[in-house]
Amino acid sequence: MFEIPSGSDFLTQIAQQSVSRRRFLRDMTGAGAGLLIGARRASALRREYGQKTIIVTFGGGARDQETFAPEGQRYIPRILMELIPRATFYTQVVNRGILGHYVANASLATGCYESFNNFQSIRPENPTIFEYFRQDRRRQASDVWVIAPSNGFTSIGESGHPAYGRGKGATVVLPKALLAGVSGGSERPFESLLRDSHEGPVGAGVYASTARQDEAIRDLLQISMSDFKAHAQSVSSPDELSLYIALHLMRSKAPSLIWITLHDIDIAHAGAFSLYTDAIQRTDRICAELVRAMDQEPEYKGQTNFFILPDFGRDADDDPSGNGFQHHRSGDALCRTTWLLAMGPGIRENTTVDRPVESIDLVPTVAKMLACDARFAQGRPLVEVL
Ligand SMILES: [Zn+2]
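How each quantity is defined
- Here, residues in each chain are numbered from 1, in the same order as that chain's written sequence.
- Only residues with pLDDT of at least 70 are given local features in this predicted model, and only at 80 or more are side-chain atom pairs given and counted; all residues enter the totals for whole chains, interfaces and linings.
- For side-chain calculations, the full set of non-hydrogen atoms in the structure is used, while hydrogens and water are omitted.
- Side-chain rings of Phe, Tyr and Trp, where Trp is taken by its six-membered ring, are said to pair if the distance between their centres is within 6.5 Å; with planes under 30 degrees apart they count as stacked, over 60 as edge-to-face, and otherwise as tilted.
- To qualify as a helix, a DSSP run of H or I must reach at least 4 residues; to qualify as a strand, a run of E must reach at least 2; elements of each kind are numbered from the N terminus.
- Throughout this description, the term charge over a ring refers to an Arg CZ or Lys NZ atom that lies within 6 Å of the ring centre and within 35 degrees of the ring normal.
- Throughout, exposure labels follow a simple rule: accessible area from a 1.4 Å probe, protein chains only, divided by the maximum for the residue type, with under 20% read as buried, over 50% as exposed, and the rest as partly exposed.
- Between any two strands, pairing holds if DSSP finds at least two bridges.
- Each axis is a line fitted through C-alpha atoms, taken for helices only over the stretch in contact, and angles between the N-to-C directions span 0 to 180 degrees.
- Note that the term roughly parallel is reserved for angles under 35 degrees, roughly antiparallel for angles over 145, roughly perpendicular for angles of 65 to 115, and oblique for everything else.
- Throughout, a residue-residue contact means that at least one pair of heavy atoms, one from each residue, lies within 4.5 Å.
- Residue polarity is assigned by list, with Asp, Glu, Lys and Arg as charged and Ala, Val, Leu, Ile, Met, Phe, Trp, Tyr, Cys and Pro as nonpolar; anything else, Gly included, falls into the polar class.

1. Notes on the packing of aromatic side chains
Inspection of the entire model under this criterion finds 12 aromatic pairs. Between tyrosine 132 and tyrosine 164 the ring centres are 5.5 Å apart and the planes differ by 80 degrees, which places this aromatic pair in the edge-to-face class. Of this pair, tyrosine 132 sits in helix H5 (residues 129–137) while tyrosine 164 is found in the loop between strand S4 (144–147) and strand S5 (171–173), placing the two residues 32 residues apart along the sequence. Chaining the aromatic ring pairs together yields one cluster made of Phe58, Phe68, Phe89 and Trp339. Note that lysine 52 overlies the ring of tyrosine 300, its terminal NZ or CZ placed 5.4 Å from the centroid.

2. Quick word on the pairing of strand S2 (residues 52–57)
Taken residue by residue, a regular strand's side chains alternate between the two faces of the sheet. Burial within S2 is extensive, with 6 of its 6 residues counted as buried. Burial along S2 is two-sided: Lys52, Ile54 and Val56 and Thr53, Ile55 and Thr57, pointing in opposite directions, are all buried. Bridging between S2 and strand S7 (residues 304–309) involves 6 bridges; their strand directions are parallel. Pairing of threonine 57 across the sheet is with leucine 309, part of S7. Of the strand pairs in this sheet, S2 and strand S6 (residues 257–261) are connected by 5 bridges, and their pairing is parallel. Its bridge partner being in S6, threonine 53 is matched across the sheet by leucine 257.

3. Structural notes on the packing of helix H6 (residues 175–182) against helix H9 (residues 225–232)
Viewed as axis vectors pointing N to C, H6 and H9 meet at an angle of 105 degrees, and their least axial separation amounts to 10 Å. Considering the angle they form, H6 stands roughly perpendicular to H9. Facing H6, whose interface residues are Pro175, Leu178, Leu179 and Val182, H9 presents Met225, Phe228, Lys229 and Ala232. Its residues assigned to classes, the contact of H6 with H9 comprises 7 nonpolar, no polar and 1 charged.

Quick look at the structure:
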């Protein structure tokens, strides 16, 4: 775990980041400071309406300059104008863990700072929210889904913990693997969609038609693969495939818990600023489309808690150990401080919370909402939304 030294410049930078986000939001939306007085009302409403949960990781990490700062607001119009007015927004979410995408997402899903090698596809050490929910609420695997961006995430659905583990976690679907399975051995038309990671050399890690998703997953999905392939021909981004799968799941199976890791923004590693900001705009739109589906689908309307948060940020322009927006290597304040947006029945709208929280606080919060016990999680529940 990354220890943030007290009284350091680092701490000051993190606090300034929070103040800036709050000011930007107030200027844009008029969102006010968070209060605890809604807590009782929120719990009562949740009991009344039942609950579903959708969690979106704002994939790959983006900085304030390209999101909440005045010069970045044009890239996230939907979040600012449509979602924030309906949400409680945490301005200071600190990630003290390893800044690699898989291990960071696994930490988000367990509520513990996982410490395994980011580049190995191994199961998290601590139980995931998926396992807590399934075991405590006696749910089937088909009620809990993870939609993940790459082969590296194959094992995120269930931990290596002896009390949980194999067969007790989420159903993990990799849209790229599904596409590779129906591309007929010719990956070239889908090369840009099938690239496994943005962090390796160009051309490396492209899914091959042999990397088939389990037949069992396809059977569980009950999706028309010809429709999926046709859709893939009309889009240019892997996250669009993830959106397609998510909408299909919401309409056809209405699972109680859906976790979607978006990842297009990580194209920033290629060093092209326009590709990075294009991806932020696309991610903004995808988040809004998921919320619109939540509002329209009878199984979700009025009874879903919806969370959006980045896995982490990216390097500051002036950090000598980074290269600006391109990477997330420096571990500086911009890399480690992000935000979290929560909306749902009983969650206060148009509200900001400025106290510092941590990314591992997500799981204990969701667990309380889903009436299960995240007994091994290290984070603390976000009381403002409970
Ligand atoms: Zn990355």
